[in-house]
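Working through the structure, step by step
Residue-level listing of the chains:
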Amino acid sequence: MGQHLDNSDRYEQVEAALRDEFAGVHPATTVTRCIQAAHHGAVEVTGHAYPGLVERIARKHLQVLAAAQGS
């Protein structure tokens, strides 16, 4: 990913999974930006950015963006 995050191997797995899940919906750069935003938000709110939490937040962001594009 463009920005180093804690547990980089885990985040790479998260990014790969979300890129696959949203292939054809969002470009890889959008997935990366959503993961970075989710990481930042999780740290700001909870003080931690566990990969599972970051994945859930990023997935929700990507779903909302897809719905907005479909509107």
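Sequence order sets the numbering: in each chain, residues are counted from 1 along the sequence as written. Whole-chain, interface and lining totals are the exception, using all residues; otherwise, since this is a predicted model, local features are given only for residues with pLDDT of at least 70 and side-chain atom pairs are given and counted only at 80 or more. Note: side-chain values were computed over all heavy atoms of the structure, leaving out hydrogens and water.

Some remarks on the side chain of Glu15
Note on placement: Glu15 falls in helix 1 (residues 8–21). Classification of Glu15 as buried rests on a relative accessible area of 5%. The definition of a polar contact used here is a pair of N or O atoms within 3.5 Å, where within protein one atom must be able to donate a hydrogen and the other to accept one, and adjacent residues in sequence count solely through side-chain atom pairs. At 2.7 Å, the side chain of Glu15 forms a polar contact with the side chain of Arg19. A polar contact of 2.4 Å, which involves the side chain of Glu15, links it to the side chain of Thr32. By the criteria applied, helices consist of DSSP H or I runs no shorter than four residues and strands consist of E runs no shorter than two, each listed in order from the N terminus. For each residue, the accessible area found with a 1.4 Å probe, counting protein chains only, is set against the maximum for its type, and the residue is called buried under 20%, exposed over 50%, and partly exposed in between.

A few points about helix 1
Spanning 14 residues, helix 1 covers 20 Å between terminal C-alpha atoms, matching the ideal 20 Å at 1.5 Å per step. Considered for burial, the residues of helix 1 that qualify are Tyr11, Val14, Glu15 and Leu18. On an axial view of helix 1, the arc spanned by its buried residues comes to 100 degrees, and they lie on one face. Seen from the open side of helix 1, the exposed residues pointing more than 90 degrees away from its buried face are Asp9, Gln13 and Asp20. In this description, contact between two residues means that some pair of their heavy atoms is separated by no more than 4.5 Å. Looking at the buried positions of helix 1, the neighbouring elements they touch are helix 2 (28–46) and helix 3 (51–70). One less than the residue count of a helix, multiplied by 1.5 Å, gives the span that helix is expected to have. Throughout, the arc means that of the directions going from the helix axis to the C-beta atoms.

Distances and angles like these do not, on their own, reveal function.
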